[in-house]
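# Secondary and tertiary structure notes
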Amino acid sequence: MNGSARTSQGPGAAEQLSLDLPQANAPVRPISLHDAADVLRLLDTWVEAGWLQPLDTAFARFLQQIRADASGLLLLAAALVSHQLGRGHVCLDLAATLHEAQRVLDLPPEVSADSEPVDLPTPGHVLVSVSLAEWLAALDSPVVSDGSHPTPLVRGGHRLYLYRYWRYEQAVAAAIAERVHAPLTDDELPVERVRAAIDALFGAPPASGGADWQRLACALAARSRFAVVTGGPGTGKTTTVVRLLAVLQALQYAQRPAGGGGRPLRISLAAPTGKAAARLRESIADRVNELRYDSLPGGADLAHTIPTNVVTLHSLLGGRPHMQARRHHAGNPLPLDVLVIDEASMVPLSLMADVIAALPAGARLILIGDKDQLASVEAGAVLGEICRRAEQGHYRPDIADWLARATGMHVPPALIDPQGSALDQAVVMLRYSHRFGSHSGIGRLAAAVNEGRADDALRQFECSPNDLALLQMRGDRRTPLARLVVEGIDAAAEGTTAGTEAAHGKRLRRGYAHYLAKVAQAPETDDPAAFDEWAVSVLEAQRACQVLCVLRSGPWGVSGLNDFIARVLHREGLISAYTGWYAGRPVMVTRNNRALRLTNGDIGVVLPYPGQGSAERTLRVAFPDGGAGVRWFAPNRLDDVETVYALTVHKSQGSEFHHAVLVLPPARTPVLTRELVYTGITRASAGFTLVAPGSTDPFVEAIGQRVYRSGGLGDALDTLR
Ligand SMILES: Nc1ncnc2c1ncn2[C@@H]1O[C@H](COP(=O)(O)OP(=O)(O)OP(=O)(O)O)[C@@H](O)[C@H]1O
């Protein structure tokens, strides 16, 4: 039985649609999509096949219980809304589903080559003769509203939402709209003061040359209560935001009442994950110290008004997510004038809605992030949707004039658009990577991938052997991969002297033998300080190389690769065991642990530690303490950790490694997209190696495959004029 749809003539195709739905030990009988019982039966077969979660059908059943007259098409839509939500989609796009069900729903889910295909009617089959008008008509029910009153489902045009998610989207769009429609006035933000502050921080504008986007970003963001600074790795997002905060504090200082008084702006810096917060914390202090404060109002005092601490959004808001138990919410707003959120691409819609609810009406919100990176695993690609038009600028002529006065720089004419929306005037894209420069292979590879130029991307591996490598393997032979993970790429340079190593600079692309060699050099004394110092050096060396992969399971997923790498390292005599707890095992925390102050994503290494009162050493896990030191934990105190020789690209977001090794699966899979490859490449700071088992076809196909995310935030924001 292949579940193909048959339609008969006459109006109302779905009404007449019949399907051969297989039932165990029962004669096949046709089903109607208008029949609730038939659809529930179909949904059950999808759950049995593992295509849907029980929760998805439970939601459809719940609707049928409260509305016995609910159409089968409504129940189908409800189950699919729930299914989509579980996959990071804020809503079900009905029109897109009818147009390309497989791509939108990933049903049946793409299976690995060795699993049995399941022979069931797919959503694509069952919806083949349903029109959008017919599906929308079936949603004409008291359980679906336009959101003006609470109902289980809300329809906005051709999108269907759970009420809660529709509210989140509306709230985020409304808060952005309010802010971008009320930019600071000339009185609040005298342009000559902005110019003076910008000149003091950036120096005089260059007489010629292209636009300095950091300078423009600083001014544009200063005039808006909502601002976004997006850009690829090393484009100076952090540098720009620190200067922006200095401008804001200088302007605040200049406005203080004569004779003193007034207070500096209350600023908080936050990031969506502990890892991202720690990374920003590491870089921000340097940027704050580098600033030239002398000619700013307030002078050196300003340095103390720019925070260097960075917290996670969850700890900023306090309490637990989704529990209605946040400490800060609309009734108890955050005591802030400015909130900066770094790595904003990782903030899901629900968290952004919580942040916005807790932000005082007059407070500024500044988002920093790379719009082209993978969006959050949870529903909502907030930054991506806000930045849909960032590339083309769309700055209005009056804003371009203001920017010329505020910065001494001109916006390139191609980016000026008299029809630009209010939101366009609040978004800036930084376009030049100071980390990679125009000669860096990593930078050029990332750009080629981002722009969908697969051939050019492949060519980069030949053009830039200093920082890029492509490891193609034939058949099942994994020997080259084994060598790579042990030795890295510049194996020959391993034996060089420190001087030569420095000459190689950051180009040295290590494997795991590098940090395991340090693991083997435990202090001979039992002095805890010596152990701390040693652990710090091990942890730093451990960050020199990281294998990234696409999938969680299977031989080319996290589990298979972790097992493979551990066995290789064991065979090489670099670790004493390949399962359980052993010295050198790198582990990642998979759940926040408040008691131990460990955050999901923290990476530590198992090391021997002096035993108490005995000469024996015991195993402990060393984690960075967020500063220059380490914290040690007994393994039995760590419940939620996993080995991290290999890490999914998703989990690596917000982290950076000296040498990133991206291992692709041998065949295409829907999660392997352009955004994922780009995110993997941009985790590398000095060297990037692509491992392609079999052929580079999956890499090429991935570059042509954009992530599909349904949500209405971008459309809602586009209507802001
Ligand atoms: N205008 C500039 N001129 C020269 N160097 C710069 C400039 N802006 C930034 N840099 C340098 O480039 C590097 C990256 O800057 P920064 O950390 O601000 O970028 P980012 O976009 O925040 O990076 P990330 O991708 O890590 O988030 C830093 O070493 C910084 O000092």
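Residues numbered from 1 in each chain as written. Predicted model: local features only at pLDDT ≥ 70, side-chain atom pairs only at ≥ 80, totals over all residues. Heavy atoms only, no water.

Per an unreviewed UniProt entry, the protein chain carries the name RecBCD enzyme subunit RecD and comes from Yanghanlia caeni. UniProt lists a comment for the protein chain under the heading Sequence similarities (unreviewed entry), and it reads "Belongs to the RecD family." Regarding the protein chain, the UniProt comment filed under Subunit (unreviewed entry) reads as follows: "Heterotrimer of RecB, RecC and RecD. All subunits contribute to DNA-binding." (UniProt positions renumbered as here; feature names shortened; annotations may be inferred.)

So, on to the pairing of strand β15 (residues 586–589). Look at any regular strand and the pattern is simple: side chains alternate between the two faces of the sheet. Judged by which residues are buried, β15 turns out to be covered on both faces: Pro586 and Met588 on one side and Val587 and Val589 on the other are all buried. As defined by bridge partners, β15 adjoins strand β16 (residues 603–610) across 3 bridges and the pair is classed as antiparallel. Bridging across to β16, proline 586 finds its partner in valine 605. Across 3 bridges, the pairing between β15 and strand β19 (residues 641–643) is antiparallel. Bridge assignment links valine 587 to a residue of β19, and that residue is threonine 643. (Buried < 20%, exposed > 50% of the residue type's maximum accessible area, 1.4 Å probe, protein only. Helix = DSSP H or I, 4+ residues; strand = E, 2+ residues; numbered from the N terminus. Pairing = 2+ DSSP bridges.)

This brings us to the sheet that holds strand β20 (residues 646–648). Taken in spatial order, the 5 strands make up an open sheet running β13-β22-β21-β14-β20, and their pairing is parallel. Whereas interior strands pair on both sides, the edge strands pair on one side only; in this sheet they are β13 (468–473) and β20. Each adjacent strand pair in this sheet contributes to an overall mean axis angle of 25°, direction not counted. Here strand β14 (residues 545–549) pairs with strand β21 (residues 657–663) via 5 bridges, running parallel. If you follow valine 547 over to β21, its bridge partner there is valine 661. Those strands touched by helix α19 (residues 454–463) are β13 and β22 (684–693), and its axis lies near 105° from that of β13. (Axes fitted to C-alpha atoms, helices over the stretch in contact; angles between N-to-C directions. Contact = heavy atoms within 4.5 Å.)

Let us look at helix α24 (residues 558–571). When the terminal C-alpha atoms of α24 are compared, their 20 Å separation across 14 residues agrees well with the 20 Å that a helix rising 1.5 Å per residue should span. Residues Val558, Gly560, Leu561, Asn562, Phe564, Ile565, Ala566, Val568 and Leu569 constitute the buried set of α24. (Expected span 1.5 Å × (residues − 1).)

Right, let's get into the environment of alanine 200. Mapped onto the fold, alanine 200 is located in helix α10 (residues 191–202). The class of alanine 200 is buried, set by a relative accessible area of 12%. Between the C-alpha atom of alanine 200 and that of leucine 291, which follows or precedes it by 91 residues, the distance is 9.4 Å. Residues contacting alanine 200, with those up to four places away along its chain left out, are Arg292, Ser295 and Leu296.

A complete count under the given rule lists 27 salt bridges for this structure. With a shortest N-O distance of 3.1 Å, arginine 67 and aspartate 69 are connected by a salt bridge. Exposure remark for aspartate 69: the relative accessible area of 56% places this residue in the exposed category. A salt bridge links aspartate 337 to arginine 266; the shortest N-O distance between them is 3.1 Å. With aspartate 337 in the loop between α14 (313–317) and β10 (338–341) and arginine 266 in the loop between α12 (237–254) and β8 (267–271), the pair connects residues that are 71 residues apart, well separated along the chain. Three or more residues joined by partner-sharing salt bridges are found here, namely Arg279, Glu343, Arg435 and Glu656. (Salt bridge = Lys/Arg side-chain N within 4 Å of Asp/Glu carboxyl O.)

Attention now goes to the layout of surface pockets. In this structure, the second largest pocket occupies an estimated 1200 Å³ of space. Lining the second largest pocket we find 45 residues, and of these Lys371, Asp372, Glu391, Asn450 and Arg706 sit closest to its centre. Residue assignment for the lining of the second largest pocket shows that the elements contributing at least two residues are β7 (226–231), α16 (382–386), β12 (427–430), α18 (441–450) and α26 (674–681). For the lining of the second largest pocket, the leading source of residues is α18, giving 5 residues. Residues that form the lining of the second largest pocket fall into these classes: 14 nonpolar, 15 polar and 16 charged. (1 Å grid on protein atoms, 1.4 Å probe; cavity = no way out; pocket = protein on both sides within 12 Å on 5 of 7 lines; lining within 4 Å. Points joined across faces, edges and corners; volume = space filled by probe spheres on them. Nonpolar A, V, L, I, M, F, W, Y, C, P; charged D, E, K, R; others polar.)

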